[in-house]
Amino acid sequence: MSYTGFFITIEGPEGAGKTTVMKDVVETLQSEGYDLISTREPGGIRISERIREVILDNDLIEMDGRTEALLYAAARRQHLVEKIVPALSEGKIVLCDRFVDASLAYQGYARGLGIDEVLSINEFAIGKLMPNLTLLFDLDPKIGLSRIAKHDNREMNRLDVESLEFHEAVREGYQQVIKRYPNRIHVIDASRTQEEVTKEVLNVLKKTLVSRMN
């Protein structure tokens, strides 16, 4: 699969501030003339948003781990072919809130399904297309969950209400993913203020995009 665009993902646990920082980053880069679109997983397009509703539904607590992994992969496939690949083929920068690394950490490691097994499911869904750069927001799960609890307007989903042990396992899972892809993943300390995190993210992205153009 050949394309001229640049694919960037932002990863991290619940409460890491990805969505807020990403919004500020996108607005800044677009205002400076970068040809960029933003999207999210699961979701981004109609079918994948429908699957998202099922995955995160608080009423569906009986969902099996493998079912969860397969639903994520299905949503990812549709999102990829309908939105990500067309944008990359047009030479755009695609900034996505989560991608395959989340499945490796959440389902592969924290759910105990096996990172290799979940990677295999996702390779069927996405082929060889992986991000060019991933920014991983690292945060102590206790801090992340306390942040979520303070946000009155945030709707608690099925993953938010998992145990602290599960969220600690997610963080460990991301550490395993870093070991697999050290050249692709840049770790961001998400315990700092939103302004500090946004500034670092912008610095990393601009340096990467400028060096790519030279």
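Quick caveat, the model's predicted, so the values are computed rather than measured. Per chain, residue numbering runs from 1 following the sequence as it is written. Restriction of local features to residues with pLDDT of at least 70 applies here, the model being predicted, together with a cutoff of 80 or more for giving and counting side-chain atom pairs; totals for whole chains, interfaces and linings are based on all residues. Side-chain figures throughout are based on the complete set of non-hydrogen atoms in the structure, without hydrogens or water.

Observations concerning unusual backbone geometry
For the bond running from Glu 41 to Pro 42, omega is -15°, close enough to zero to count as cis. A run of H or I in DSSP counts as a helix once it spans at least four residues, and a run of E counts as a strand once it spans at least two, with each numbered from the N terminus. Its location among the elements puts Pro 42 in the loop between strand 2 (36-40) and helix 2 (46-55). Not every positive phi belongs to a glycine, and Arg 98 is a case in point at roughly 80°. Examined against the element boundaries, Arg 98 turns out to sit in the loop between strand 3 (93-97) and helix 4 (100-110).

Overview of a negative patch on the surface
Residues with no salt bridge and a relative accessible area higher than 30% make up the patches, which join like charges within 9 Å and nonpolar side chains (Val, Leu, Ile, Met, Phe, Trp, Tyr) within 5 Å. All accessible areas in this document rest on Shrake-Rupley with a 1.4 Å probe, and a residue is counted as covered only by the protein chains that are shown. Should a side-chain nitrogen of Lys or Arg be within 4 Å of a carboxyl oxygen of Asp or Glu, the pair is scored as a salt bridge. Only four residue types enter the tally: Lys and Arg on the positive side, Asp and Glu on the negative side, with His and both chain ends excluded. Positions of charges follow a simple convention, taking NZ of Lys, CZ of Arg, CG of Asp or CD of Glu. On the surface, Asp 140, Glu 165, Glu 168 and Glu 172 cluster together into a patch of negative charge. Structurally, Glu 168 can be placed in helix 7 (residues 164-180).

Re the packing of helix 3 (residues 65-89) against helix 5 (residues 115-126)
Interhelical geometry of helix 3 versus helix 5 gives an angle of 25° and a closest axis separation of 8 Å. By the angle between their directions, the pair helix 3 and helix 5 is classed as roughly parallel. For the element pair helix 3 and helix 5, the recorded crossing hand is right-handed. Each of Ala 69, Leu 70, Ala 73, Arg 76, Arg 77 and Leu 80 in helix 3 lies in contact with helix 5, whose residues at this interface are Ile 121, Asn 122, Ala 125 and Ile 126. Under the convention adopted here, Pro, Cys and the residues Ala, Val, Leu, Ile, Met, Phe, Trp and Tyr are nonpolar, Asp, Glu, Lys and Arg are charged, and Gly plus all remaining residues are polar. For the contact of helix 3 with helix 5, the residue count by class is seven nonpolar, one polar and two charged. Interaxial angles span 0 to 180 degrees and are taken between N-to-C directions of axes, which are lines fitted to C-alpha atoms, for helices over the stretch in contact. Working rule for angles: under 35 degrees goes down as roughly parallel, over 145 as roughly antiparallel, 65 to 115 as roughly perpendicular, anything else as oblique. Take the far helix as the reference: if the near one is turned anticlockwise from it by less than a right angle, the crossing is left-handed, and if turned clockwise, right-handed. Should any heavy atoms of two residues lie within 4.5 Å, those residues are considered in contact.

Things to note about the nonpolar core
Take the buried residues of types Ala, Val, Leu, Ile, Met, Phe, Trp, Tyr and Cys, join any two whose side-chain atoms come within 4.5 Å, and each joined set is a nonpolar core. For the exposure calls, accessible area comes from a 1.4 Å probe over protein chains only, and a residue counts as buried if that area is under 20% of its type's maximum, exposed if over 50%, partly exposed in between. Formed by 25 residues in total, the largest nonpolar core has its most connected members in Ile 8, Val 25, Leu 135, Phe 137, Val 201 and Leu 205. Sorting elements by how many residues they give to this core places helix 8 (residues 194-213) first, with six residues. Apart from the residues lying within four places of it in its own chain, the contact partners of Ile 8 are Ile 93, Val 94, Leu 95, Cys 96, Leu 133, Leu 205 and Leu 209. Counting residues in each nonpolar core, the second largest holds 23 residues, with Ile 51, Val 118, Tyr 181 and Ile 185 among its members.

Structural notes on the pairing of strand 4 (residues 133-138)
With six of six residues buried, strand 4 is to be regarded as a mostly interior element. Residues Leu 133, Leu 135 and Phe 137 line one face of strand 4 and the alternating positions Thr 134, Leu 136 and Asp 138 line the opposite face, and both faces are buried. Of the strand pairs in this sheet, strand 1 (residues 6-11) and strand 4 are connected by four bridges, and their pairing is parallel. Counted as the bridge partner of Ile 8 is Leu 133 from strand 4. When DSSP finds two or more bridges between a pair of strands, those strands are recorded as paired. Two elements, strand 4 and strand 5 (residues 185-189), share five bridges in a ladder whose sense is parallel. Pairing of Leu 135 across the sheet is with His 186, part of strand 5.

As far as function goes, none of this settles anything; it's purely spatial.
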